[in-house]
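# Notes for the structure review
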Amino acid sequence: MDIPWIAAQFPQLSGLQRLAQGGQKVVFAAQHASDGDVVLKLLLRASDEQRLEREVLAGQLIECERVPRVFETGELATPLGSCIWLREQRIQGTTLRTRLRSGALDFTSVVRLGVQLLSTLAHAEAKRIVHRDIKPENMILDTSGNFWLLDFGLARHLDLESLTATKMPWGMGTLGYSPPEQMRNRKREIDGRTDLFAAGVLLHECATGANPFRDEARDDLEILRRVEQQAMPRLLLLADRDGRLADLVSVLVQKFPTQRPRTVAEALTWMREIESAHAGTVAGGRTV
Amino acid sequence: MDLHLQFGYGMMDHCRHLVKSWSGGTVILSPRDLERKQLVKLSDEIRALPGGLVLLDPQFYLPRSDHARLTSHDYWPDSYQTNGFFGGPDMHKLMDAVLQLNRDVGAAAFVLPGLLATTIDDDWLGTLRATAERAATMDAGMPLYATVALNAESMRNTAGIQEVLAEFETLNVNGAYLLFEHPNGDYIVQDPIWLANALELSAGLRLLGKTVVVGYANHQLLCLGAASVNAVVSGTWMNVRAFSPDRFRAADEEDQKRKTVWYYDPSSLSEYKPVFLDAALRAGVLAGMAPPAAFGSSYAAALFSGVQPSSVGFGEQDAFRHYLQCLLHQARAARAATFDATVSGLRQVLDSAERQAGMLEKSGVLAGARKFGDGFDPVRSALSALDATRGAMLRRSWATL
C-alpha cells in the first residue's frame, strides 16, 4: 500500500506520511480539511479480525478527553487484502517511552499523568472496557504536557465474549506491566483493576525512571516471577512528603485484584486528592 | 474492637454475670452445648439485661457430625449428601429451621450455616454463595452474616483467601462470622502466614464494608484490631479460645476433665498456674503481674493480697472472669484512632509483654504451655504483612471502618 494509492482512496486527506507499519497495521499521518491533523490506521483483516473490530469499537465507545477521537471508520479492499480503517485525531507529541529515555518525570508531571490516565481508564471502566496494555509505548505526552492513552488493540470488552482462548496458559499483555491474573489468563478476574496494576507500574517507572519488574531481568520468566512474587519497592520521592502517592502506587500494584481499589473510579478519587494536596503544597511555596 | 462471649461448657453463669457487669454484651449461643429450650431461656435472660444481645452459631461446619446434642437440633438434616444439598430443598429446609431458631432466640443477626473449608475451591465457595443467596430471599429482618470456617491448611492458602474476598465482593450479606482452625492444635499460633491471612481476610472484608466477628479467639487475636475487626469472641476453656472442628465431630468428655486454673497476666500476654505465682511472690515480681486498675478486674485481687497465691482459693470462676474482663479491656484498646497508631500500639503491647515475660522467666516464673513466647514474632510479622498489603487502604479508610 503506497502513499499515492492511499491518497486516491482517501481524497479528503492531504500530506500523507507513513508513521508506522506492524504485522497487521499500517499507520499514516495526514491533514483533514475539517478535522485537522489526523491519523489513518489500516488494520488488515486476518485471523484476529474480531480483535481489530473491538479496537475500533473501544475507540468509539470511550469518549473522553485523553483518548484520540475517532472521526470515521470503514472497510477497504487493498492490494494486501481486506482492511478495516479508522481515522482519528493525531496527537502531536512523543511517546512516554521516548520521553523516559531522558529520565524520570518530575513529581508534578507524575501526578498529572496519574490523574489523566486514571480519568481515561475510569471512562473505559464505565463502558465496561479494560485496556490491558498500559505501558509507556502506549502513552503520548503532548506538547502541552498532557498524557494520552493509545492503542486499544488488546482491549477486553467485559460484556462481550472473550477472544482469548480459556485454555491458553498465558493471557495477552506486556510482561512487566500486566498483572498476574492477566498473564496467567485467569479471565474471570479481569476487570478495571487489571489496568490499575499496569497504571501503578507506569507511575512508578515515570517517577523513578525504572521498572523493577523488567530492569536487568534475565528473561521473560524472570519478569513473570518478579511480577508474581516480588513486591514493588515503595516510592520514595522528596516531593511526596506524606507518602500519599507512594501509598496509592503500593495499592495499585498489589498482586491480587482484591487487594487493589475496587474500581478505577475509586483510584481516581484517591489520585485527585493527591493532586489537590500537591497543588496546595506548591501554592504554599513548600515544594522542593 | 469489641469482645463477645463464646458460649461453651460451664459458661452460662459467666455470660449472665459479665453481660450484667459490662452493662451490655453479646453472647454467641452454642447448639452443641445447649438444647433448644436452654438456648431460648438463656437468650431471654441475656436479652433482659441492659445491652444484652445474642447471636446463634448453627455450627453446621461438619454436616456428618456424630455429636449427639448438636445433631439433635431440629434444623440438623437427617441425611446429608454433599452433591446437591446446597442446590435443593434440603438446604432450604435447613435455612428455614435455622432462621426460625434465630427468631426464637431473638438473635441480633442471622449467622448463616457454613461448611468447614478443608480446601478453598469452587465447590466450597458455591456453598457460601448458595446460603447467602437463599438467606437474601428469606426476609430475615436482621443482618445476615456468612460463616467462613477455614481449617488450618486453608488458612495457609494465600490465594484462597483472596478467592474468599472475591466471592464476598458480590455476596449480599452484611457481615462475616470467621472461624480459623489453629494449626497443630496450638493454643498460641506460631505460624506467621496463618496470622497474616487471618488479618488479610478480616481487613479485606472490613474494606468491603462487612461487619466482621471472629469466633473462638484468644488474646493473640488482639492483633485483629489492626484489621478493624468489629469483635473477637472468646470464652472459658481453651476449646472456645481456639477453633477446633474436632469438637463438633463427636462429643468429648474433655471439658469436664480440665481442672487446671490459670491466671492471665495481661502485661505478659501469658497465663500462669498459681504455684508459679507463689514463685513470683518469692522473687518479688508478683505485683507487676497484677492487672492495671483500669482493666477493672477485681476477680484476681486475692492473688495480690500478700499471702501465698496458691492458698487464696483462686478458682476457675475467678480465673475465667478475670481473663475475659482483661480481654475486654485489651480488645477495646486494640483499635486506635488511626491505622498507624493502632499498629504502633499493638507493637508496643507485644514489646512490653515480651520484656515482662522474659523478666518473669528469669525470676523463675514460667507459663509453661500457656506462654505467649513463640507467638510474639509471628504476630509482628503478620502486622508487617498487613501493612504491606492493606496498610495504605486501611490508613485511608480507617475513619469510616
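Residues numbered from 1 in each chain as written. Chains lettered and ligands numbered in written order. Predicted model: local features only at pLDDT ≥ 70, side-chain atom pairs only at ≥ 80, totals over all residues.

### Things to note about the overall build of chain A
- Scanning chain A from N- to C-terminus turns up nine helices and 10 strands.
- Compactness check: chain A gives a C-alpha radius of gyration of 20 Å against a globular reference of 19 Å for 288 residues, within 12% of the reference.
- Referenced to the eigenvectors of the C-alpha coordinate spread, the extents of chain A come out at roughly 60 × 50 × 35 Å.
- For chain A, restricting intrachain contacts to residue pairs at least 6 apart in sequence, the fraction spanning at least 24 positions comes to 63%. (Helix = DSSP H or I, 4+ residues; strand = E, 2+ residues; numbered from the N terminus. Rg over C-alpha atoms; globule rule 2.2 N^0.38 Å. Contact = placed C-beta atoms within 7 Å.)

### Quick look at the overall build of chain B
- Counting its regular elements, chain B contains 13 helices and 11 strands.
- Relative to the 2.2 N^0.38 estimate, which gives 21 Å for 401 residues, the radius of gyration of chain B is 21 Å and therefore close to what a compact globule would have.
- If one aligns the C-alpha atoms of chain B with their principal axes, the spans along those axes are about 65 × 45 × 40 Å.
- For chain B, the proportion of its 401 residues judged to be buried stands at 52%. (Buried ≥ 20, exposed ≤ 12 C-beta atoms within 10 Å, placed from the backbone.)

### Description of the domain arrangement of chain A
All names here are of chain A.
- Segmenting chain A into domains produces domain 1 (9–89) and domain 2 (93–283).
- Relative to domain 2, the C-alpha centre of domain 1 lies at a distance of 26 Å.
- At the interface, 12 residues of domain 1 touch 17 residues of domain 2.
- Along the lines of polarity and charge, the residues of the side of domain 1 that touches domain 2 split into six nonpolar, two polar and four charged. (Domains from an automatic or database assignment. Nonpolar A, V, L, I, M, F, W, Y, C, P; charged D, E, K, R; others polar.)

### Quick look at the sheet that holds strand E3 (residues 36–44) of chain A
Residue and element names in this part refer to chain A.
- What the five strands build is an open sheet, ordered E1-E2-E3-E5-E4; its pairing is antiparallel. Edge strands, defined here as strands with exactly one partner in the open sheet, are strand E1 (13–21) and strand E4 (70–78). Strand-to-strand twist across the sheet, computed as the mean angle between neighbouring axes with direction ignored, equals 25°. (Pairing = 2+ DSSP bridges. Axes fitted to C-alpha atoms, helices over the stretch in contact; angles between N-to-C directions.)

### Here's the deal with helix H8 (residues 244–252) of chain A
- Burial runs high along H8(A): eight of the nine residues are buried.
- For H8(A), the complete set of buried residues consists of A:Arg244, A:Leu245, A:Asp247, A:Leu248, A:Val249, A:Ser250, A:Val251 and A:Leu252.

### Focus on the interface of chain A and chain B
- Counting residues at the interface gives 10 residues for chain A and 10 residues for chain B.
- The class makeup of the residues in the side of chain A that touches chain B is five nonpolar, four polar and one charged.

### Here we look at the domain arrangement of chain B
Residue and element names in this part refer to chain B.
- For chain B, the assigned domains are domain 1 (2–257) and domain 2 (263–370).
- Centre-to-centre separation of domain 1 and domain 2, based on C-alpha positions: 28 Å.
- In this assembly, 16 residues from domain 1 lie in contact with 15 residues from domain 2.
- At the level of secondary structure, the elements contributing two or more residues to the side of domain 1 that touches domain 2 comprise strand E1 (2–6), helix H1 (12–21) and strand E9 (231–234).
- With three residues, the top contributor of residues to the side of domain 1 that touches domain 2 is H1.
- The class makeup of the residues in the side of domain 1 that touches domain 2 is eight nonpolar, seven polar and one charged.

### Overview of the sheet that holds strand E6 (residues 93–95) of chain A
Residue and element names in this part refer to chain A.
- The strand order across the open sheet formed by three strands is E6-E8-E9, and the pairing between neighbours is antiparallel. What marks the edges here is a single partner per strand, and that holds for E6 and strand E9 (147–149). For this sheet the average axis-to-axis angle between neighbouring strands, irrespective of direction, equals 30°.
- Of the strand pairs in this sheet, E6 and strand E8 (residues 139–142) are connected by three bridges, and their pairing is antiparallel. For Gly93, the partnering residue across the bridge sits in E8 and is Asp142.

### Digging into the packing of H8(A) against helix H13 (residues 376–397) of chain B
- Between H8(A) and H13(B), the least distance of the axes is 8 Å, while the angle of their chain directions is 125°. Compared by their axis directions, H8(A) and H13(B) come out oblique. Considering the relative orientation of H8(A) and H13(B), their crossing is left-handed. Of the residues in H13(B), those in contact with A:Asp247, A:Leu248, A:Ser250 and A:Val251 of H8(A) are B:Ala392, B:Met393 and B:Arg395.
- When grouped by side-chain class, the residues that make up the contact of H8(A) with H13(B) number four nonpolar, one polar and two charged. (Parallel < 35°, antiparallel > 145°, perpendicular 65-115°, else oblique. Left-handed = near helix turned anticlockwise from the far one by under 90°.)

### Some remarks on the environment of A:Ser250
- Here A:Ser250 is to be found in helix H8.
- With 27 residues separating them in the primary sequence, A:Ser250 and A:Ala277 have C-alpha atoms 18 Å apart.
- Once you skip the residues sitting within four places of it in the chain, A:Ser250 turns out to touch A:Arg234 and B:Ala392.

### Observations regarding the pairing of E8(A)
- Bridge count for E8(A) against E9(A) is three bridges, and the pairing is antiparallel. Residue A:Ile140 lies in a different strand from E9(A), and its bridge partner there is A:Trp148.

### Some thoughts on the environment of B:Thr127
Residue and element names in this part refer to chain B.
- Along the chain, Thr127 turns up in helix H6 (residues 122–136).
- Taking the C-beta count within 10 Å as the criterion, Thr127 has 19 such neighbours and is therefore assigned partly exposed.
- Between the C-alpha atom of Thr127 and that of Gly114, which follows or precedes it by 13 residues, the distance is 7.4 Å.
- In this structure, Thr127 is in contact with Phe86 and Leu115, ignoring residues within four places of it in sequence.

### A word on the packing of helix H8 (residues 192–207) of chain B against H13(B)
All names here are of chain B.
- Interhelical geometry of H8 versus H13 gives an angle of 15° and a closest axis separation of 7 Å. The pairing of H8 with H13 is recorded here as roughly parallel in orientation. The two elements H8 and H13 cross, and the hand of that crossing is right-handed. From H8, Pro192, Leu195, Ala196, Leu199, Glu200, Ala203 and Leu207 reach across to H13, where they touch Pro378, Val379, Ser381, Ala382, Ala385, Leu386, Thr389, Arg390, Met393, Leu394 and Ser397.
- When grouped by side-chain class, the residues that make up the contact of H8 with H13 number 13 nonpolar, three polar and two charged.

### Looking at helix H7 (residues 158–169) of chain B
- Between the first and last C-alpha of H7(B) there are 17 Å, a value that for 12 residues agrees with the 16 Å anticipated at 1.5 Å per step.
- Within H7(B), burial applies to B:Gly160, B:Ile161, B:Gln162, B:Val164, B:Leu165, B:Glu167 and B:Phe168. (Expected span 1.5 Å × (residues − 1).)

### Section: the confidence of the model for chain A
- Mean pLDDT for chain A: 90, with 94% of residues reaching 70 or above.
- Per-residue pLDDT, averaged within each element of chain A, yields its smallest value for helix H2 (residues 49–61) of chain A (75) and its largest for helix H6 (residues 192–208) of chain A (98). (pLDDT = per-residue confidence, 0-100.)

### What to know about the nonpolar core
- Judged by nonpolar contacts, the single largest core of 188 residues is most densely connected at B:Tyr145, B:Leu199, B:Cys223, B:Leu224 and B:Val232.
- If near-sequence neighbours (up to four positions away) are discounted, B:Cys223 is found in contact with B:Leu195, B:Leu199, B:Leu346, B:Val379, B:Ala382 and B:Leu383. (Core = buried A, V, L, I, M, F, W, Y, C linked by C-beta atoms within 7 Å.)

### Details of the environment of A:Trp148
Residue and element names in this part refer to chain A.
- By the element assignment, Trp148 lies in strand E9.
- Sequence spacing of Trp148 and Arg225 is 77 residues, and the spatial spacing of their C-alpha atoms is 30 Å.
- If we skip the residues at most four places from it in the chain, Trp148 touches Arg66, Val67, Pro68, Ile91, Met139, Ile140 and Asp142.

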